[in-house]
Amino acid sequence: MQAMSNWSPRHALKTLSARKKELFWVWIAYQSVKGLITTSLIWVPLVLLWLGR
């Protein structure tokens, strides 16, 4: 609980700013996984239904 009492928005923004490159690649990985899941669980079955297979 003591860590939360030392929290400040300014410090959080500095930390995010310093880790921009790392967070960018985490975001890219997240979007890739999300797209893969969406494609395989939603779009592929819809296309297969539309084609009548």
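This structure is a prediction, so every number in the text was calculated from the model and none was measured.

Thresholds applied
Residues numbered from 1 in each chain as written. Predicted model: local features only at pLDDT ≥ 70, side-chain atom pairs only at ≥ 80, totals over all residues. Heavy atoms only, no water. Helix = DSSP H or I, 4+ residues; strand = E, 2+ residues; numbered from the N terminus. Rg over C-alpha atoms; globule rule 2.2 N^0.38 Å. Buried < 20%, exposed > 50% of the residue type's maximum accessible area, 1.4 Å probe, protein only. Areas by Shrake-Rupley, 256 points an atom, 1.4 Å probe, with all protein chains shown as cover. Phe/Tyr/Trp six-rings, centres within 6.5 Å; stacked < 30°, edge-to-face > 60°. Expected span 1.5 Å × (residues − 1). Bend = angle between axes of the 7 residues up to and from the residue. pLDDT = per-residue confidence, 0-100.

**Here we look at the overall build of the chain**
If you tally the helices and strands in the chain, you get three helices and zero strands. Helices and strands in the chain line up, N terminus first, as α-α-α. For the chain, the C-alpha radius of gyration of 20 Å lies well beyond 10 Å, the compact-globule estimate for 53 residues. C-alpha atoms of the chain, sized along the principal axes, occupy 60 × 25 × 10 Å. Taken over 53 residues, the chain has a buried fraction of 0%. Approximately 5,400 Å² of the chain is accessible, and the part contributed by carbon and sulfur atoms is 71%.

**Things to note about the packing of aromatic side chains**
By the definition in use, this model includes two aromatic pairs. Ring centres of F24 and W27 lie 6.5 Å apart, and the angle between their planes is 35 degrees; this geometry places the pair in the tilted category. Taken together, the residues span about one helical turn, with F24 and W27 both in helix α3 (residues 20-51) at a distance of three residues. Using a relative accessible area of 41% as the deciding quantity, one classes F24 as partly exposed. Assessed through its relative accessible area of 47%, W27 is described here as partly exposed. Every member of this aromatic cluster is reached through a ring pair, and the members are F24, W25 and W27.

**Digging into α3**
The terminal C-alpha atoms of α3 lie 44 Å apart, and with 32 residues this matches the ideal 46 Å at 1.5 Å per residue to within 8%. At T39, α3 shows its maximal kink, close to 40 degrees. Directly beyond the C-terminal end of α3, a positive phi value near 85 degrees is found at G52.

**Things to note about the confidence of the model for the chain**
When pLDDT is averaged across the chain, the result is 88; 91% of the residues are at 70 or more. Within the chain, the lowest mean pLDDT, 63, falls on helix α1 (residues 2-5), and the highest, 94, falls on α3.

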